[in-house]
Amino acid sequence: MNTLYRSTRETASHTMTSSQAVLQGLTPDGGLFVPVTLPIADFDFEQLANMSYQEVAYEVLKLFFTDYTAEELHACIDAAYGDQFDDPAIAPVTKHGNQYYLELFHGPTIAFKDLALQILPHLMTTAVKKNHLESEIVILAATSGDTGKAAMAGFADVDQTKIIVFYPKDGVSAIQKQQMITQTGDNTNVVAINGNFDEAQTTVKQLLNDPQLRQRLADHQYQFSSANSINIGRLFPQVAYYVYTYAQLIHQGHIKNGDAVNFSVPTGNFGDILAGYYAKQLGTPIHKLVCASNRNNVLTDFFNTGTYDKNREFYLTSSPSMDILVSSNLERLIFYLTGEDSLATAQLMQDLQTKGSYTITPEMRANLADFWAGFVTENQDQDEIHHLNHAHHYTIDPHTAVASAVAKQYRNATKDQRPMVVVSTASPYKFPQAVLTAITGESTTVDGLTAVDQLHDLIQTPIPPTVTALRTAPVRHNRVAAVDKMGATIESILNLN
Ligand SMILES: *Cc1c(COP(=O)(O)O)cnc(C)c1O
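Residues numbered from 1 in each chain as written. Predicted model: local features only at pLDDT ≥ 70, side-chain atom pairs only at ≥ 80, totals over all residues. Heavy atoms only, no water.

Peer 1: Which parts of the structure should I look at to understand the overall build of the protein chain?
Peer 2: Helices and strands together make up the secondary structure of the protein chain, namely 23 helices and 15 strands. Computed over the C-alpha atoms, the radius of gyration of the protein chain is 22 Å, within 12% of the 23 Å expected from 2.2 N^0.38 for a compact globule of 497 residues. Along the first, second and third principal axes, the C-alpha atoms of the protein chain reach 65 × 55 × 50 Å. When contacts within the protein chain are restricted to residue pairs at least 6 apart in sequence, those whose partners lie at least 24 apart make up 74%. Here the protein chain has roughly 19,700 Å² of accessible surface; of this, 48% comes from carbon and sulfur atoms. Across the protein chain, the 33 positively charged side chains and the 51 negatively charged ones have centroids separated by 3 Å. (Helix = DSSP H or I, 4+ residues; strand = E, 2+ residues; numbered from the N terminus. Rg over C-alpha atoms; globule rule 2.2 N^0.38 Å. Contact = heavy atoms within 4.5 Å. Areas by Shrake-Rupley, 256 points an atom, 1.4 Å probe, with all protein chains shown as cover. Lys, Arg positive; Asp, Glu negative; His and termini not counted. Charge placed at Lys NZ, Arg CZ, Asp CG, Glu CD.)

Listed below in structure tokens is the structure:
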């Protein structure tokens, strides 16, 4: 079956192939790409149980990326999920206490975004060739720390691509800054901005849509693209680890084929958990998807009241990748809740834009039964890290702790005894100060790499090679620019003058 893509905000008269949608990112009307009809999967989990991560990924990706040949998809998958991961299982499933932990942090930047950003560049460059484009792709990204680094790690030295990442000079952690300025790859460019993340982000969006700049790029055989989490080339590869986890639970003898399980997902932009929703639609026996938030609990309120309201205070927490007020991928869920009604979806998104809030109908709320939502405070988050470390000798990061704690809230509230899989999105070594504080009960002021050593002394698990490498990696990037010089900086990097 051929899977074509349409916008969430327009009737299905305009469609695109998957490779075109990967290149476009966003639809021309500002909506998000969704399949015109959901692919029909015929998963044989007994068979999948004996497959590698790469083999399962192929079974999933071939449903969504139907204009790629089998050879092309295999090449993308092999390039993405190889020995840049420090565990051959790619996404190992472990058990601690009465919960399972799906570890998605064994890639080059030790956070789950690697599962999507290692494959996106290959899906993109393959799409360029398939669509007979001559130009080279230029990825622009603004980052508050994690995404830009993961995107660079994915695009580094990928043929026919360049990547330019802007980060706020004083707005990222010491480790994140070190990761950024030591980035390897002849096609990677890093620019520190004398400004904050919002300014960097807003300017990148303007530049991506600047017709004059786009034309100047085209004259030099370049075209912009973006690597943000709404691209289907990031979203659908994430479906694979839900399917893989279910198959692995059978393989490890924890469940029988057909038994339903739950997933608890630490949520920010709603990409990860939405991939779980697609896995369920494809027939993976998932009972509930638990949407776990930190103090920025706009999604908890949405699931429990039917009103999404971003007019609220914004908090900085120890799980920064979930500090978000507008979850952009939620638009795709809204589209399904309306019964794939693009007019109704566009209206709600319009309300969000103009009023900062919207309320869904009772009929739409009735379709939310696949989800359960909860949030934790900073103290509860620390307690969860502390508890797992002391009771089970397992150490989790502050994002994973949100999902782990909310999973327990779910069990207490519902008495549901089905197996619960906590999606573990970052290594504890990525947030060593917060984890040290949680375990010891004392706040720490040491720098990032010292905290890594202290954490290692305490928990004794291997320090990821990418963290060790930071100690000696040479600095490769020292560009600094004012916000209003970001466009000129791009022209200079690309030699457009
Ligand atoms: C991005 C991120 C999340 C949130 O994932 P979404 O897909 O944006 O919901 C959670 N944890 C970590 C460590 C992340 O980097």
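Peer 1: Help me out: how do you make sense of the side chain of His96 in this one?
Peer 2: Among the structural elements, His96 can be located in strand 3 (residues 93-96). Judged by relative accessible area, His96 falls into the buried class, the value being 18%. A distance of 3.2 Å separates a polar atom in the side chain of His96 from a polar atom in the side chain of Thr94. For His96, the contacting residues outside a window of four places in its chain are Tyr101, Leu388, His392 and Tyr394. (Buried < 20%, exposed > 50% of the residue type's maximum accessible area, 1.4 Å probe, protein only. Polar contact = N/O pair within 3.5 Å; in protein donor to acceptor, adjacent residues only side chain to side chain.)

Peer 1: What am I meant to see in the pattern of salt bridges here?
Peer 2: Should their charged atoms come close, side chains of opposite charge can pair. The tally for this structure, following the rule as stated, stands at eleven salt bridges. For Arg9, the salt bridge is made with Glu331, and the minimal N-O distance between the two is 2.8 Å. Of this pair, Arg9 sits in the loop between strand 1 (5-7) and helix 1 (18-24) while Glu331 sits in helix 15 (residues 330-337), placing them 322 residues apart in sequence. Judged by relative accessible area, which is 26%, Arg9 ranks as partly exposed. The exposure class of Glu331 is buried, given its relative accessible area of 5%. Its salt-bridge partner being Lys408, residue Glu384 comes within 2.8 Å of it at the nearest N-O pair. On the criterion of sequence distance, the pair formed by Glu384 in helix 18 (residues 378-392) and Lys408 in helix 19 (residues 398-414) is long-range, its members being 24 residues apart. Owing to a relative accessible area of 8%, Glu384 belongs among the buried residues under this scheme. Lys408 sits in the partly exposed class, given a relative accessible area of 24%. (Salt bridge = Lys/Arg side-chain N within 4 Å of Asp/Glu carboxyl O.)

Peer 1: Honestly, unusual backbone geometry in this entry has me stumped. Any pointers?
Peer 2: Leave glycine aside and you will find that most residues have negative phi; peptide bonds, for their part, are mostly trans. At Gln221, a residue that is not glycine, the phi angle is positive and equals roughly 65 degrees. Inspection of the secondary structure puts Gln221 in the loop between helix 10 (211-219) and strand 8 (222-225). For Gln221, a relative accessible area of 46% puts it in the partly exposed group. In this structure, Glu340 takes a positive phi of about 60 degrees despite not being glycine. Looking at the element boundaries, Glu340 is found in the loop between helix 15 and helix 16 (342-355).

Peer 1: What should I look at first to understand the UniProt feature "modified residue: N6-(pyridoxal phosphate)lysine" (unreviewed entry) in the protein chain in this one?
Peer 2: Mapped onto this structure's residue numbering, the UniProt feature "modified residue: N6-(pyridoxal phosphate)lysine" (unreviewed entry) falls at Lys113. You can see Lys113 is positioned in helix 5 (residues 113-117). Judged by relative accessible area, which is 17%, Lys113 ranks as buried. When neighbours within four sequence positions are excluded, Lys113 is seen to be in contact with Thr147, Ala150, Arg234 and Ser321. (UniProt positions renumbered as here; feature names shortened; annotations may be inferred.)

Peer 1: Looking at this structure, how should I read helix 13 (residues 271-281)?
Peer 2: Along an α-helix, residues three or four positions apart point the same way, because every turn accommodates 3.6 residues. Counting buried positions along helix 13 yields nine of eleven residues, so the element is predominantly enclosed. Looking at helix 13, one finds that the buried residues are Gly271, Asp272, Ile273, Leu274, Ala275, Gly276, Tyr277, Tyr278 and Ala279. After helix 13 finishes, the residue Gly283 shows a positive phi value of roughly 105 degrees.

Peer 1: What exactly am I supposed to notice about the packing of aromatic side chains here?
Peer 2: For any pair of aromatic rings, geometry is given as the distance between the ring centres together with the angle between the planes. Per the stated rule, a full pass over the model turns up 25 aromatic pairs. Centre to centre, the rings of Phe43 and Phe45 are 5.8 Å apart; their planes meet at 65 degrees, and the pair counts as edge-to-face. Each member of the pair Phe43 and Phe45 is classed as buried. When the ring of Phe302 is compared with that of Tyr358, the centres are 6.2 Å apart and the planes differ by 70 degrees; the resulting orientation is edge-to-face. With Phe302 in helix 14 (residues 298-305) and Tyr358 in strand 12 (residues 357-359), this residue pair connects regions lying 56 residues apart in the sequence. By relative accessible area, which is 0% here, Phe302 ends up buried. (Phe/Tyr/Trp six-rings, centres within 6.5 Å; stacked < 30°, edge-to-face > 60°.)

Peer 1: Just to check I follow, could you spell out the sheet that holds strand 14 (residues 420-424) for this structure?
Peer 2: Strands belonging to one sheet form pairs held by backbone hydrogen bonds; the direction of such a pair is parallel or antiparallel. On the basis of which strands lie adjacent, the open sheet formed by six strands has the order 3-4-14-9-10-13 and mixed pairing. The open sheet has two edge strands with one neighbour each: strand 3 and strand 13 (371-375). For this sheet, the mean angle separating the axes of adjacent strands, direction not counted, is 25 degrees. Sheet topology note: the strand 4 (residues 99-103)/strand 14 ladder contains four bridges and is parallel. Residue pairing across strands places Tyr100 opposite Val421, the latter belonging to strand 14. Of the strands in this sheet, strand 10 (286-293) and strand 13 are in contact with helix 14, which crosses strand 13 at around 135 degrees. (Pairing = 2+ DSSP bridges. Axes fitted to C-alpha atoms, helices over the stretch in contact; angles between N-to-C directions.)

Peer 1: Teacher, can you tell me more about the environment of Gln347 here?
Peer 2: Mapped onto the secondary structure, Gln347 falls in helix 16. Taking C-alpha positions, Gln347 is 9.2 Å from Tyr358, a pair spaced eleven residues apart along the chain.

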